[in-house]
Amino acid sequence: MNTIFADVRSALYLPASNARAIEKARGLPCDMVILDLEDAVKPDDKQAAREAAVAAVAEGFGPRIAAIRLNGSDSVWHADDVAAVRASHAAVVVLPKVESAAEATRVADAVGKPLFAMIETPAGVLAAVGIAAAHGVAGLIAGSNDLAATLRLPPDAGRAPLALSLQTIVLAARAAGIVALDGVWNRLADLDGLAEDARAGRATGFDGKTLIHPNHIAPANTAFGPTPAELEDARALVEAATGGAERFRDRMIETMHVDAAKRLIARGER
Ligand SMILES: CC(C)(COP(=O)(O)OP(=O)(O)OC[C@H]1O[C@@H](n2cnc3c(N)ncnc32)[C@H](O)[C@@H]1OP(=O)(O)O)[C@@H](O)C(=O)NCCC(=O)NCCSC(=O)C[C@H](O)C(=O)O
Ligand SMILES: [Mg+2]
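Being a predicted model, the structure only gives us computed values, none of them experimental.

Peer 1: I would appreciate a short explanation of the site of ligand 1 in the present structure.
Peer 2: Around ligand 1 sit 22 residues in total, of which Tyr 13, Ala 21, Gly 143, Asn 145 and Asp 146 are the nearest. Where the shell around ligand 1 is concerned, the elements lending two or more residues are strand E1 (10-15), helix H2 (19-25) and helix H8 (144-150). Looking at the shell around ligand 1, its residues break down into 11 nonpolar, five polar and six charged.

Printed below as a string of structure tokens:
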């Protein structure tokens, strides 16, 4: 797995048509920015947003990974997006509503950049294993709003009815050795709800979370940690382990626990 991508705890979307948000993002503590050309941008603003995204990634976002989300493969804007992003300084391209491995590879090849495929339709979930393994795909992103809509869930249905889809996304990403990012939290001011949602995402196995607002960054960074307590525990576990099954702090540990602790320590140190 590419550790640059594996260390993404917080990936902030912003409409590429919003100059203030672009400027603001350069000072925010997120690990990745996703300049959106798709749903956050009105049809009349698509061309200006595309030009603004290309200019913004040329100027850079400091240590943050800069990604551009294209309009979908079947949209009238897609071909122009691909041409612009191919020639841009974006490190990553995000493709929404991916439903096949062939679609993901075609776009990854066309832009010549690592591609994060959004899984946000029932067909996308059912094809996720192949999409994750497709040439050029470096990550999967859960699109929980579109997923809820296409599954015809009632408003505010929460994570429970999405559990199988979200777990499938993580399974597919893990089997392919790539990154998995959780979907967004829509409630702008409910930071306790966000913290719980982010913890649930980490517990599902996601590496990090996509976000829509600057206030959502700190809770995501905390949830996807590792926390000081987790680091202390991991370091003590590695120090204590002698091999085979043994007792550590009133629990059984074996090789896989030592390996997981080492991964956590490495992530924390990075
Ligand atoms: C949701 C918003 C439209 C709310 O905007 P606003 O009411 O302006 O927020 P605030 O007044 O609280 O903003 C405070 C300051 O923060 C800046 N800001 C706000 N949002 C962002 C952002 N995303 N990135 C950077 N900066 C941001 C404001 O400019 C204010 O700055 P200041 O002037 O200094 O006070 C807005 O938050 C927003 O547009 N969010 C992103 C929306 C988006 O990109 N959506 C597309 C992806 S979500 C999705 O659909 C995922 C997936 O496809 C799915 O299906 O689930
Ligand atoms: Mg979506």
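Peer 1: When you look at the packing of helix H4 (residues 78-86) against helix H5 (residues 101-111) in this model, what are you seeing that I'm missing?
Peer 2: Each pair of packed helices can be summarised by the angle the axes make with each other and by the distance between the axes. One can describe the packing of H4 onto H5 by two numbers: an axis separation of 8 Å at closest approach and a directional angle of 45°. The orientation of H4 relative to H5 falls into the category oblique. Touching Val 82, Val 85 and Arg 86 of H4 are Val 107, Ala 110 and Val 111, all from H5. Of the residues assigned to the contact of H4 with H5, the class counts are five nonpolar, no polar and one charged.

Peer 1: Is there a simple way to think about the UniProt feature "binding site: Mg(2+)" (unreviewed entry) in the chain in this case?
Peer 2: Residues given the UniProt feature "binding site: Mg(2+)" (unreviewed entry) here are Glu 120 and Asp 146. The greatest C-alpha distance among the residues just named is 5.4 Å, despite their covering 27 residues of sequence, which places them together in space. Note on placement: Glu 120 falls in the loop between strand E5 (115-119) and helix H6 (122-126). What makes Glu 120 buried here is the crowd of 24 C-beta atoms within 10 Å. In contact with Glu 120, not counting residues within four places along its chain, are Pro 96, Lys 97, Gly 143, Asp 146 and Leu 147. By the secondary structure assignment, Asp 146 is in helix H8. The exposure class of Asp 146 is partly exposed, given the 18 C-beta atoms found within 10 Å. Apart from the residues within four sequence positions on either side, Asp 146 is in contact with Lys 97, Glu 120 and Thr 121.

Peer 1: Explain the domain arrangement of the chain here, please?
Peer 2: Put simply, an interface is often sized by how much accessible area is lost when its parts join up. Each assigned domain of the chain is listed with its residue range as follows: domain 1 (3-223) and domain 2 (228-269). Computed from C-alpha atoms alone, the centre-to-centre distance between domain 1 and domain 2 is 32 Å.

Peer 1: Mind showing me how you'd approach the pairing of E5 here?
Peer 2: Side-chain direction in a regular strand flips from residue to residue, so the side chains alternate between the two faces of the sheet. When you tally the buried positions in E5, you get five out of five residues, the bulk of the element. By the bridge criterion, three bridges tie strand E4 (residues 92-95) to E5 in an arrangement that is parallel. Bridged to Val 94 within E5 is Phe 116. Once the chain exits E4 it traverses H5 before rejoining the sheet at E5, and the crossover so formed is right-handed.

Peer 1: Even after reading the chapter, I still don't get the environment of Thr 255, so can you show me in this structure?
Peer 2: Relative to the elements of secondary structure, Thr 255 occurs in helix H13 (residues 255-269). On the neighbour-count criterion, Thr 255 (11 C-beta atoms within 10 Å) is exposed. Spatially, the C-alpha atom of Thr 255 lies 7.8 Å from that of Ala 245, the residues being 10 residues apart in sequence.

Rules of the game
Each residue is numbered by its place in its chain's sequence as written, counting from 1. Ligands are numbered from 1 and chains lettered from A, in the order in which they are written. Where local features are concerned, this predicted model is filtered to residues with pLDDT of at least 70; where side-chain atom pairs are given and counted, the filter is 80 or more; whole-chain, interface and lining totals use all residues. For each residue, a C-beta position is placed from the backbone atoms; the residue is near a molecule or strand when that point lies within 6 Å of it. In this description a helix means any DSSP run of H or I spanning at least four residues, a strand means any run of E spanning at least two, and both kinds are numbered starting from the N terminus. Three classes are used: nonpolar for Ala, Val, Leu, Ile, Met, Phe, Trp, Tyr, Cys and Pro, charged for Asp, Glu, Lys and Arg, and polar for all others, with Gly counted as polar. Axis lines are fitted through C-alpha atoms, for helices just across the contact stretch, and the angle between N-to-C directions can take any value from 0 to 180 degrees. The labels follow the angle: roughly parallel below 35 degrees, roughly antiparallel above 145, roughly perpendicular from 65 to 115, and oblique for the rest. By the convention adopted here, residues are in contact when the distance between their C-beta atoms, placed from the backbone, does not exceed 7 Å. UniProt positions are given in the numbering used here, feature names are shortened, and annotations may be inferred rather than shown by experiment. Exposure classification rests on a simple neighbour count of other C-beta atoms within 10 Å of a residue's own: a residue reaching 20 or more is buried, one at 12 or fewer is exposed, and one in between is partly exposed. C-beta atoms are placed from the backbone. Segmentation into domains, and thus their bounds, comes from an automatic or database assignment. Any two strands with at least two DSSP-identified bridges between them are counted as paired. Looking down the strands as they point away from you, a crossover is right-handed if its path from the first strand over the helix to the second goes clockwise.

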